[in-house]
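Architecture and fold: a report
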Amino acid sequence: MLPENYRMGDSVYVLAVTSTVVFLLLAVFIVSFALVFQRRQLENLRERSALKAAYEEEILKAQIEMQNQTLQAIGRELHDNIGQLLSVTKLYLNQLEDAEDLAQVRPLTIKTNGVIDQTISGVRALSKSLDGDFIRDFGLIETLAFEVERLNGTGRLNASLRVQPDMQPLGFEREIILFRMVQEAINNLLKHAQARSLHVSLQTRDGQLLLQLEDDGKGFDYEGVMNQSIVNSGAGLRNMQRRAELIGGKCTIDTAPGRGTRIAFVVPVGRAVALAA
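Right, let's walk through the structure included here. Starting from 1, residues in each chain are numbered consecutively following that chain's sequence as written. Local features are withheld for residues below a pLDDT of 70 in this predicted model, meaning they are given only at 70 or higher, and side-chain atom pairs are given and counted only at 80 or more; totals for whole chains, interfaces and linings count all residues. Based on all heavy atoms of the structure, the side-chain values leave hydrogens and waters out of the count.

Further remarks concern the pairing of strand E2 (residues 197–205). Sheet analysis places strand E1 (residues 158–163) next to E2, joined by 6 bridges and oriented parallel. For alanine 159, the partnering residue across the bridge sits in E2 and is leucine 198. Between any two strands, pairing holds if DSSP finds at least two bridges. Every helix listed is a DSSP run of H or I at least four residues long, and every strand listed is a run of E at least two residues long, numbered separately from the N terminus. Taken together, the 8 bridges between E2 and strand E3 (residues 208–215) define a ladder with antiparallel strand orientation. Note on E3: the bridge partner recorded for arginine 205 is glutamine 208. Count of turn residues in the E2/E3 antiparallel hairpin: 2 residues, of which aspartate 206 carries a positive phi of about 55°.

On to the pattern of salt bridges, then. Only one rule defines a salt bridge in this text: a Lys or Arg side-chain nitrogen within 4 Å of an Asp or Glu carboxyl oxygen. For the coordinates displayed, the defined rule picks out 4 salt bridges. With a closest N to O distance of 3.6 Å, arginine 180 and glutamate 184 form a salt bridge. Here the residue arginine 180 and the residue glutamate 184 both occupy positions in helix H4 (residues 172–193), the gap between them amounting to 4 residues, near one helical turn. Burial classes: relative accessible area under 20% of the type maximum marks a residue as buried, over 50% as exposed, and values in between as partly exposed (1.4 Å probe, protein chains only). The class for glutamate 184 is buried, based on a relative accessible area of 14%. Measuring nitrogen to oxygen at the nearest pair gives 2.9 Å for the salt bridge that ties arginine 259 to aspartate 254. Within the structure, one salt-bridge network assembled from shared partners comprises Asp254, Arg259 and Arg262.

Bringing the sheet that holds strand E4 (residues 250–255) into the picture now. The strand order across the open sheet formed by 5 strands is E1-E2-E3-E5-E4, and the pairing between neighbours is mixed. Of all the strands in the sheet, the pair left with one neighbour each is E1 and E4. Direction aside, neighbouring strands of the sheet carry axes that sit 15° apart on average. Looking at chain direction, E4 and strand E5 (residues 261–268) are connected through 6 bridges and run antiparallel. Counted as the bridge partner of lysine 250 is valine 266 from E5. The strands touched by H4 within the sheet are E2, E3 and E5, with E3 carrying the most contacts at an inclination of about 15°. Helix H6 (residues 235–246) rests against E4 and E5 of the sheet, and its axis sits at about 145° to E4. The convention used is that axes are lines fitted to C-alpha atoms, helices contributing only their stretch in contact, and that angles between N-to-C directions extend from 0 to 180 degrees. When checking whether two residues touch, look at their non-hydrogen atoms; a contact exists if any pair is within 4.5 Å.

Spatial relationships are all this shows, so hold off on functional conclusions.
Put into structure tokens, the structure is as follows:
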């Protein structure tokens, strides 16, 4: 039989070894956990940096596309509207030169002044279009109102805008991307829809901004378009949906052949997009 003091010393030795092993295992676990956490944090930072770079690139791309869109609209406006108004003004002035008495001069003068007023209004509209910081300076609502006014001025369709009072701004970065999506939708409408009217509405619901565009055009087979390759068609629709996701929102399209199209953009209100932080 072993002495009592020997058994106690053996127990102390076993306890010391066990404690040391547990401590080493705990230390290894803590170090491993810290390394894994650090690696994941670095990966998360890289992902966020990549997303932020993509977000900033998308903002720049949207600005460039808006500028190109504006220049195209200015070219059409100068050709179709301002040019014609100036031609009419010149015609009236020529008639004034040939007028033989005041009875002929007065009505021609009134007509000439009216055409000049229209020309001035058109030039003012163009000056607003040339302002690259229109959204930054005036916000999404004013920009949408100007776009609706421009569409009505073309005579191609009847456009209207309904805005809920006290709308909360989204911030320049998200608003410029959202407006670019609206422009994309309007371009598709003008090219393909054969619509006579367009209704645009803007409201907040359940902490989200809801922007809807609804036309009375011929509609289309949404699933059929989206199942085709990007080369064939559907690139504009995919761009709208991708951009909506980029600003933390979504884009839904409700349409069918023969019953028009409704496009809805839903974007969270009151907080910045996480990837832009």
